[in-house]
Amino acid sequence: MTDNRDFFEVLVKKGIQIKKDLPMRDYTTFKIGGAADFGVFPKTAEEFGEVSLLAKEYGITTFVAGNGSNLLVSDNGFRGAVIFTTAMDGIRFEEGGVYAMAGVSMTRLSRLAAEKGLSGLEFAYGIPGTVGGAVYMNAGAYGSEMKNVVLFSDYWSEEGCGRLTGDEQCFGYRESAYMGTSRAVLGCMIALHDGNPDEIMAYCKELMTRRRDKQPLEYPSAGSAFKRYPGRFTAQMIDEAGLKGFSVGGAEVSVKHAGFIINRGGATAEDVRHLVSEIKDIIYKREGIHIESEMRYLSEKGACEI
C-alpha cells in the first residue's frame, strides 16, 4: 500500500470520505479485483478537484470510476486512489432537458425523466453505469446513444474546469473526446422532449424486459465484452465459432449471449484476460478480424487495454 498517511489524514480533516485498502471486487459489477490503496468519494466538483490536486501533490496515482460497470480490476488491486463519482449525484430538471452530475445512475435518471413525462432517455433504462461513464464511452443501446441527447458536458482537469459542447465532444462508437486525456467528466446537460409518462415508462419497461430475456443479468459481468466490428456483430461471430460456454477458470462466455463474459463464481482478473485473449485469437483465425475489448482494465499501475 502507498505509505502516505498525510493524504488520508488531510482528506479526513476536510470531511471528504476516504477508505483504505478498498476491496474493488465490492465496487465493480464483475465482482472481481484486489484492493485499491484508497477509495475516495467526493460529493461535489470542488471536492473532486481537491482530491485530484492533493493526490498529485503527494505523488499518488488516481483512477476515476463510477459504478464499476465496465471495469475489470487486477487481482493485485491498484496502487493508488480510485476516485468514485457515485456521491456526485445531483439532478436538475430545466426547460428542455436535465442536468445530471457524473455519479447519477443512468437507470435512475431515465426513470425520473419518464415520471416527469420527458422522453429521450428510454434507451438508458437498465444501463448499469453512471452519467460520467456514459458520456466518457458514448454509451448506447436499442438504436440510440449519448451523442444523440447530450448538449454539453462539464469536466475537471489540472488546467481547470471546462465545458465541451456539441461536436467538441467528438462522440463516436464507444468513444468521446475524453478518452485518452486527463479530463474527468463532472456532469452533462441532456436534451429531452415532452411525452406521455405512461407511454414512456411502458417503453422503458419493454426495453428492460428485452435485456432480461437476452442478457445474462443473473451473473456478475462488465456488460458487453467486445466492441462491434464495423459491419459485423461480434457476438454473432463468437457464437458461430462455438464459443458459448467456453471458459477459463471461473470466467465464461455466456450461453445466453455470446457478447458477455460472466463470472460464474470465483473468477479472477487473469481468468478473464486469458479468456479474452483466447477469443480474440480464435476469431482472428476464423475471420481474419481483430476484435477489441469494450472493458477497461485497471492494473496495479493504472488503466490499460485488455
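One can find the structure itself at the top, above this paragraph.
Residues numbered from 1 in each chain as written. Predicted model: local features only at pLDDT ≥ 70, side-chain atom pairs only at ≥ 80, totals over all residues. Heavy atoms only, no water.

**Considerations on the pattern of salt bridges**
Inspection of every chain in the model, using the stated rule, returns 15 salt bridges. Where Glu 218 meets Lys 256, a salt bridge forms, and the shortest distance between an N and an O atom there is 3.6 Å. Separated by 38 residues along the polypeptide, Glu 218 in the loop between helix 5 (197-214) and strand 15 (221-224) and Lys 256 in the loop between strand 17 (251-253) and strand 18 (260-263) bring together distant segments of the chain. Classification of Lys 256 as partly exposed rests on a relative accessible area of 32%. (Salt bridge = Lys/Arg side-chain N within 4 Å of Asp/Glu carboxyl O. Helix = DSSP H or I, 4+ residues; strand = E, 2+ residues; numbered from the N terminus. Buried < 20%, exposed > 50% of the residue type's maximum accessible area, 1.4 Å probe, protein only.)

**Some remarks on the sheet that holds strand 2 (residues 35-41)**
One open sheet accounts for four strands, arranged 1-2-5-3; its pairing is mixed. Both outer strands of the open sheet, strand 1 (17-23) and strand 3 (62-65), are each paired with one neighbouring strand and no more. Across the sheet, the mean angle from the axis of one strand to that of its neighbour is 30°, orientation sign disregarded. Pairing of strand 2 with strand 5 (residues 78-84) involves four bridges; the strand directions are parallel. Each residue of the ladder has a partner; that of Phe 38, found in strand 5, is Ala 81. The strands touched by helix 1 (residues 5-14) within the sheet are strand 1, strand 2 and strand 5, with strand 1 carrying the most contacts at an inclination of about 140°. (Pairing = 2+ DSSP bridges. Axes fitted to C-alpha atoms, helices over the stretch in contact; angles between N-to-C directions. Contact = heavy atoms within 4.5 Å.)

**Some remarks on the environment of Asn 76**
For Asn 76, the location among the structural elements is in the loop between strand 4 (71-73) and strand 5. Remark: the alpha-carbon pair of Asn 76 and Asp 89, spanning 13 residues in sequence, is separated by 30 Å. Asn 76 has contacts with Gly 34, Ala 35 and Glu 300, leaving out every residue within four places of it along the chain.

**Description of the pairing of strand 11 (residues 150-156)**
Burial analysis of strand 11 places six of its seven residues in the buried class, which makes it a mostly covered element. Looking at chain direction, strand 11 and strand 12 (residues 162-165) are connected through four bridges and run antiparallel. Bridge assignment links Tyr 155 to a residue of strand 12, and that residue is Gly 162. Between the antiparallel neighbours strand 11 and strand 12 lie five residues, among them Gly 160 with a positive phi of about 125°.

**Here's the deal with unusual backbone geometry**
Unusually for a residue other than glycine, Asn 138 sits at a positive phi of about 50°. By the element assignment, Asn 138 lies in the loop between helix 4 (131-137) and strand 9 (140-141). Its identity as a non-glycine residue notwithstanding, Arg 174 has a phi of 55°, on the positive side. In this fold, Arg 174 is placed in the loop between strand 12 and strand 13 (184-191).

**A look at the side chain of Ser 69**
Turning to its location among the elements, Ser 69 is positioned in the loop between strand 3 and strand 4. Residue classification places Ser 69 among the buried positions, given a relative accessible area of 16%. With residues up to four places along the chain from it excluded, the contact list for Ser 69 reads Thr 29, Pro 128, Gly 129, Ala 222 and Gly 223.

**Re the sheet that holds strand 18**
Taken in spatial order, the four strands make up an open sheet running 15-18-17-16, and their pairing is antiparallel. In this open sheet, the two edge strands, each paired with only one partner strand, are strand 15 and strand 16 (247-248). Alignment of strand 15 against strand 18, held across two bridges, turns out to be antiparallel. Of the residues in strand 18, the one forming a bridge with Ser 224 is Phe 260.

**A look at helix 2 (residues 45-57)**
Given a rise of 1.5 Å per residue, 13 residues ought to cover 18 Å, and the 18 Å separating the end C-alpha atoms of helix 2 matches this to within 8%. Buried within helix 2 we find Glu 47, Phe 48, Gly 49, Val 51, Ser 52, Leu 54 and Ala 55. Those residues of helix 2 that are buried lie in contact with helix 1, strand 2, strand 3, strand 5, strand 11 and strand 13. The first or second residue beyond helix 2 is Gly 59, which carries a positive phi of 70°. (Expected span 1.5 Å × (residues − 1).)

**Concerning the state of the cysteines**
Inspection of the entire model under this criterion finds zero disulfides. The thiol sulfur of Cys 188 is not disulfide-bonded, and the nearest other cysteine sulfur, from Cys 161, lies at 15 Å. Looking at Cys 188, the relative accessible area reads 0%, which means it is buried. For the unlinked cysteine Cys 204, the closest cysteine sulfur is that of Cys 188, found at 17 Å. With a relative accessible area of 0%, Cys 204 lands in the buried category. (Disulfide = S-S within 2.5 Å.)

That's the geometry; what it means functionally is another story.
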